[in-house]
Amino acid sequence: MTLVYPVQSLAAHPPRLSPAYKSTVKRSPSKPLIPMRHTLSELTGPVYGHETVRENDHDLTVQGKGEPLGERIIVHGHVLDEDGRGVPNTLVELWQANACGRYVHVVDQHPAPLDPNFTGAGRAQSDAQGYYRFVTIKPGAYPWGNHHNAWRPAHIHFSVFGHSFVSRLVTQMYFPGDPLFPFDPIFNSVTDEKARDRMISSFDLENTKPDWALCYRFNIVLRGRNATPMENK
Amino acid sequence: MEQAKPDGVTPSQTVGPYFAYGLTPNGKYDWNDTFSNNLVTADTSGERIRIEGQVFDGDGEVVPDCMLEIWQADAQGRFSDPQDKRALPNTSFKGFGRIGTDANGGFVFNTIKPGQVADPDGKPQAPHIVLAVFARGMLLHNYSRIYFDGEAANAADPVLALVPADRRATLIATRQPGNGNAVYRFDIHLQGDKETVFFDV
């Protein structure tokens, strides 16, 4: 099977210049992008080896000396292509703030406590069906300097590879029902409501572990369609 | 297993200002790196090169919170990906690199000069590296290419030919004077008069 990557699929993404998110104003191209055909350079991509994904890299609650504070959660789902096929053996990296909304990054000056038992970085490899699973802490909302009283909705950053260099995706997973959604220019940079909804995880009671952790499902859909779809299915 | 057909791709969001401890910790955080900016191992064949530069925004200010990823063929023009069906003579060469820019917007990749890769018509492209640029303030990463000056094949490259002549230089790394391994300079301008050519791929 050969995958193709129609540029039409890119319409779901936010425009690069999205002035309500102020940092885009000086960092987005001012000249038109140049269309080109995909060559082998674009149609291939790094094949991730298993070597750097360690046994507990998917569980952010066991990386410290003790348990991190906050609400333990399971985040799981499938990495899919645009036809709904699982993307197997692909690297999924994530990073996030702690339960108080504080990142360990040196630049983060939000006056909320760091958690000595929580780094907030994880990685996993999807299985043969494209399934991945993380255990972590629900991140807190945090303020940022974009405008007066700006707060980011709670989110987890995801970085995923897929089948080619043009299926590469960095996104953010949000939590259902967040009251900050209407006020966040990054979330709302995605102008189509259905597309925005694809960034919101769903509460998953069936996979919530009794007496242990709530579960959220987040499917990640990457570019890539079968070049010769079966019309008679 | 096929899931319900999705109604579209998951939209991109910015990497934000805090990706470093997860994606490019580089010894500064208690987390190991998945990838590095050094693509070369002792048994890699090909001409060793160093690509260095800085990233600038539309005001000409350096961008210290940018992540760059590169993907390239080996010296024979073959990719370390089973989708490239040709045998790989250079199996230790993975062809992928990642780096976060430093406080001066600076970056370095140590790699090899890639070989030529054919375009979809079988026509050879000039040696090039594909580049993805991520940063706070970028809601979707930008794709570009790094070509090399002094390459006769640049004149016939089908992708460079799509680029207005007065902007082609933004895609060509310039060889720096000196002995030893070749050093190329490749600055990236996100916006403005010197704006790097980005491709709609």
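None of the values given here were measured: they were computed from a predicted structure. (Residues numbered from 1 in each chain as written. Chains lettered and ligands numbered in written order. Predicted model: local features only at pLDDT ≥ 70, side-chain atom pairs only at ≥ 80, totals over all residues.)

Some thoughts on the overall build of chain B
- Helix and strand content of chain B: one helix and ten strands.
- Taken from N to C terminus, the helices and strands of chain B fall in the order α-β-β-β-β-β-β-β-β-β-β.
- Its C-alpha radius of gyration of 17 Å places chain B within 12% of the 17 Å reference for a compact globule of 201 residues.
- Dimensions of chain B along its principal axes, counting C-alpha atoms only, are 50 × 40 × 35 Å.
- The buried share of chain B, taken over its 201 residues, is 48%.
- Within chain B, contacts between residues at least 6 apart in sequence are counted, and of these 69% link residues at least 24 apart. (Helix = DSSP H or I, 4+ residues; strand = E, 2+ residues; numbered from the N terminus. Rg over C-alpha atoms; globule rule 2.2 N^0.38 Å. Buried ≥ 20, exposed ≤ 12 C-beta atoms within 10 Å, placed from the backbone. Contact = placed C-beta atoms within 7 Å.)

Some thoughts on the overall build of chain A
- When you go through chain A residue by residue, the secondary structure sums to two helices and 14 strands.
- In summary, chain A has a C-alpha radius of gyration of 19 Å against a globular reference of 17 Å for 233 residues, a match within 12%.
- Dimensions along the principal axes, computed over C-alpha positions, put chain A at roughly 50 × 40 × 30 Å.
- The 233 residues of chain A split such that 46% are buried.
- Excluding contacts between residues fewer than 6 apart, the proportion of contacts in chain A whose partners are at least 24 apart in sequence is 72%.

Notes on the sheet that holds strand β5 (residues 121–125) of chain A
All names here are of chain A.
- What the four strands build is an open sheet, ordered β5-β4-β9-β10; its pairing is antiparallel. The sheet terminates laterally at β5 and β10 (169–174), the two strands that pair on one side only. The mean angle between the axes of side-by-side strands here comes to 25°, regardless of whether they run parallel or antiparallel.
- Across six bridges, strand β9 (residues 155–160) lies against β10 in antiparallel orientation. Bridge pairing in β10 links histidine 157 to glutamine 172. (Pairing = 2+ DSSP bridges. Axes fitted to C-alpha atoms, helices over the stretch in contact; angles between N-to-C directions.)

Regarding the pairing of strand β8 (residues 182–185) of chain B
Residues and elements named next belong to chain B.
- Strand direction decides the pairing type here: strand β1 (residues 48–56) and β8, joined by four bridges, are parallel. Residue pairing in the sheet places arginine 50 in a bridge with valine 183 of β8.
- The sheet contact formed by strand β7 (residues 172–175) and β8 spans two bridges and is antiparallel. From the neighbouring strand, arginine 175 faces β8, where its bridge partner is tyrosine 184.

What about the interface of chain A and chain B?
- Between chain A and chain B, the contact holds 72 residues from the first and 69 residues from the second.
- A class-by-class count of the residues in the side of chain A that touches chain B yields 32 nonpolar, 24 polar and 16 charged.
- Of the strand pairs in this sheet, strand β2 (residues 34–35) of chain A and strand β10 (residues 199–200) of chain B are connected by two bridges, and their pairing is parallel. Residue pairing in the sheet places Pro35(A) in a bridge with Asp200(B) of β10(B). (Nonpolar A, V, L, I, M, F, W, Y, C, P; charged D, E, K, R; others polar.)

Notes on the confidence of the model for chain B
- Taken over all residues, the pLDDT of chain B has a mean of 94, while the share at 70 or more is 97%.
- As a predicted assembly, this complex carries a pTM of 0.96 together with an ipTM value of 0.96. (pLDDT = per-residue confidence, 0-100.)

Re the pairing of strand β6 (residues 142–148) of chain B
All names here are of chain B.
- Across the seven residues that make up β6, a large majority, seven, are buried.
- Of the two faces of β6, both are covered, the one formed by Asn142, Ser144, Ile146 and Phe148 as well as the one formed by Tyr143, Arg145 and Tyr147.
- Examined bridge by bridge, strand β5 (residues 128–135) and β6 share six bridges and lie antiparallel to one another. Paired with valine 133 across the strands is asparagine 142, a residue of β6.
- Pairing analysis gives two bridges linking β6 to β7, with the strands arranged parallel. Note that in β7 the partner of tyrosine 147 across the bridge is isoleucine 172.

Overview of the environment of Gly122(A)
All names here are of chain A.
- Inspection of the secondary structure puts glycine 122 in strand β5.
- Expressed as a C-alpha distance, the spacing of glycine 122 and leucine 3, which sit 119 residues apart in the sequence, is 29 Å.
- Leaving out residues up to four positions away in the same chain, glycine 122 has contacts with Asp57, His58, Leu60, Leu94, Phe134 and Thr136.

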